[in-house]
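What the coordinates show
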Amino acid sequence: MNDLLRFIDSSPSPFHAVDSLCRRLADAGYVRLAENAPWQLAPGGKYFVTRNGSALAAFRVPRTDFAGFLISAAHSDVPTFRIKERPEMEGPDGYIRLNTEGYGGMLCAPWLDRPLTVAGRALVRTGSAIETRLVYVDRDLLMIPNVAIHMNRSANDGYKYDRKCDMVPLMGLGESKGAFLAAVAQAANCAEDDILGYDLVLVPRQKGLVWGASEEFVSSPRLDDLQCAYGCFQGFLAASDSGSLPVFALLDNEEVGSLTKQGADGTFLSDVVERICAATGRDRSCAVANSFLVSADNAHAVHPNHPEYADLTNRPVMNGGVVIKHGVRYATDGAAQAVFVALCRRAGVPVQHYANRSDMAGGSTLGNISNAHVSLNTVDIGLAQLAMHSCFETAGAKDTDYLVRAMTAYYSASLREENGTFTLA
Ligand code: CO
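The paragraphs below set out a description of the structure included in this document.

Around the cobalt ion, the protein contributes the donor atoms His75 (NE2), Asp224 (OD), Asp297 (OD) and Asp297 (OD), which lie 2.0 to 2.7 Å from the metal centre. In the primary sequence, the donor residues of the cobalt ion line up as H-x148-D-x72-D. One end of the pair, aspartate 224, is in helix H4 (residues 223-238); the other, aspartate 297, is in the loop between strand S14 (292-296) and strand S15 (299-300), with 73 residues separating them in the sequence. Aspartate 297 shares its class with aspartate 224; the two are buried.

What follows concerns the sheet that holds strand S12 (residues 217-220). Strands sit in the order S11-S12-S20-S19-S15 across an open sheet of five strands; the sheet is mixed. At either end of the open sheet lies a strand with only one pairing partner, and these are strand S11 (209-211) and S15. Pairing analysis gives two bridges linking strand S19 (residues 384-386) to strand S20 (residues 393-396), with the strands arranged antiparallel. Among the inter-strand pairings, glutamine 385 is bridged to a residue of S20, identified as alanine 395.

Next up on the list: the layout of surface pockets. The calculated volume of the largest pocket comes to roughly 740 Å³. Lining the largest pocket are 33 residues; nearest its centre among them are His300, Tyr354, Gly362, Gly363 and Met388. Looking at the lining of the largest pocket, its residues break down into 13 nonpolar, 13 polar and seven charged. Reported here for the second largest pocket is a volume of approximately 450 Å³. Along the walls of the second largest pocket sit 18 residues, with Pro145, Asn146, Val147, Cys165 and Asp166 positioned nearest its centre. Class assignment for the residues of the lining of the second largest pocket results in 13 nonpolar, three polar and two charged.

Ordered by their spatial adjacency, nine strands build an open sheet running S1-S2-S3-S13-S4-S14-S18-S16-S17, and the pairing between neighbours is mixed. Lying at the two open borders of the sheet, with one neighbouring strand each, are strand S1 (31-32) and strand S17 (351-355). Running over the sheet, helix H5 (residues 268-280) touches strand S2 (46-51), strand S3 (55-60), strand S4 (69-75) and strand S13 (245-251) and is turned about 25° from S3.

Reading the values: the criteria
- Residues numbered from 1 in each chain as written.
- Predicted model: local features only at pLDDT ≥ 70, side-chain atom pairs only at ≥ 80, totals over all residues.
- Heavy atoms only, no water.
- Donors = N, O, S within 2.8 Å, 3.2 Å for Na, K, Ca; no water.
- Helix = DSSP H or I, 4+ residues; strand = E, 2+ residues; numbered from the N terminus.
- Buried < 20%, exposed > 50% of the residue type's maximum accessible area, 1.4 Å probe, protein only.
- Pairing = 2+ DSSP bridges.
- 1 Å grid on protein atoms, 1.4 Å probe; cavity = no way out; pocket = protein on both sides within 12 Å on 5 of 7 lines; lining within 4 Å.
- Points joined across faces, edges and corners; volume = space filled by probe spheres on them.
- Nonpolar A, V, L, I, M, F, W, Y, C, P; charged D, E, K, R; others polar.
- Contact = heavy atoms within 4.5 Å.
- Axes fitted to C-alpha atoms, helices over the stretch in contact; angles between N-to-C directions.

See below:
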């Protein structure tokens with residue numbers, strides 16, 4: 001569990017999450033490939049490639065001919081607030097605030113009254129080049145203060161948050177003018193004038209922790225979806241060689257519809273599949289027809305104070321095992337479910353099921369979107385959590401390990417399909 005929290009803590013932005021995993025891959029002997037150079041892949045080789053610094057694909061080439069791909073995909077981004085250009089706003093009354101734009105469908109209230117900072121990347125001029133530098137301003141820099149109850153007596157009767165007014169972070173008083181760019185430049189180790197562009201978001205400073213009378217729970221920023229990313233990644237690393245080619249993917253921009261070059265609606269995953277096939281002499285169509293995707297994104301646990309929001313019969317609980325997600329906006333079907341359940345049984349991992357209450361729309365995820373580019377049997381799964389899209393979420397302390405075990409079994413398998421019959425070796 002501490003390693004999950006270490007990973008999340010070291011991943012305050014999608015760029016940091018990808019960087020954290022690249023370090024772990026390099027330590028494990030994986031070789032970095034470049035998208036703008038030819039790929040020479042050796043049997044038994046271990047590789048990874050990134051796009052935009054915020055999406056990642058890692059894979060291993062089996063020593064023997066492989067039937068197809070066993071892929072998992074999770075997302076690197078979270079709902080937050082982006083820092084706009086020229087963000088500093090002076091006033092009213094001597095305050096210095098930052099101009100932001102909402103990113104994704106966040107719960108607003110949890111962002112109030114807690115220390116915040118910024119993280120992401122800066123594009124820095126270095127001589128004739130423009131270099132990408134990770135930025136994490138490692139201090140309590142910002143706060144979004146609530147309005148006192150005395151000034152808004154109806155605050156507890158349901159409140160409509162106005163993002164351009166209620167959600168504006170406070171940075172300082174008059175003497176702090178110019179401090180934002182100075183802090184970013186210091187974190188990027190450059191002069192302010194050399195910052196030619198940036199992608200920065202608000203980040204809560206609160207670190208993750210394990211809690212509860214019997215330490216049942218883990219709470220942290222970014223559990224959706226870094227808990228799934230971590231579980232899939234650890235399973236990918238731990239798996240033994242099989243007759244299928246394992247791919248771990250981490251994609252960006254899921255929270256805003258995935259339609260970017262580094263998102264599930266871009267070509268990244270499809271390009272990786274294409275290039276592996278080309279480099280190994282495999283026919284892409286045949287390989288994809290023997291492939292499988294686990295789309296991993298957290299699921300809603302039954303809420304202790306609002307059990308009525310859960311479906312009548314599909315009611316996931318924390319520490320109850322991996323959740324299979326069903327519904328019209330998910331990719332899961334009976335066939336994909338059957339394959340995944342068989343693998344979980346093999347791993348001794350309990351399985352639960354999630355469906356939206358029949359009068360609620362629920363969320364979606366990258367499984368369906370990714371299928372528009374690489375079409376294969378797909379199961380949507382996740383781990384049960386509370387307070388999804390809060391900036392401090394809660395999940396079960398035991399479930400990460402269940403996911404690691406399930407994904408280890410998944411990536412160690414060989415899958416073949418013939419006329420609706422699935423063979424798992
Ligand atoms: Co998610």
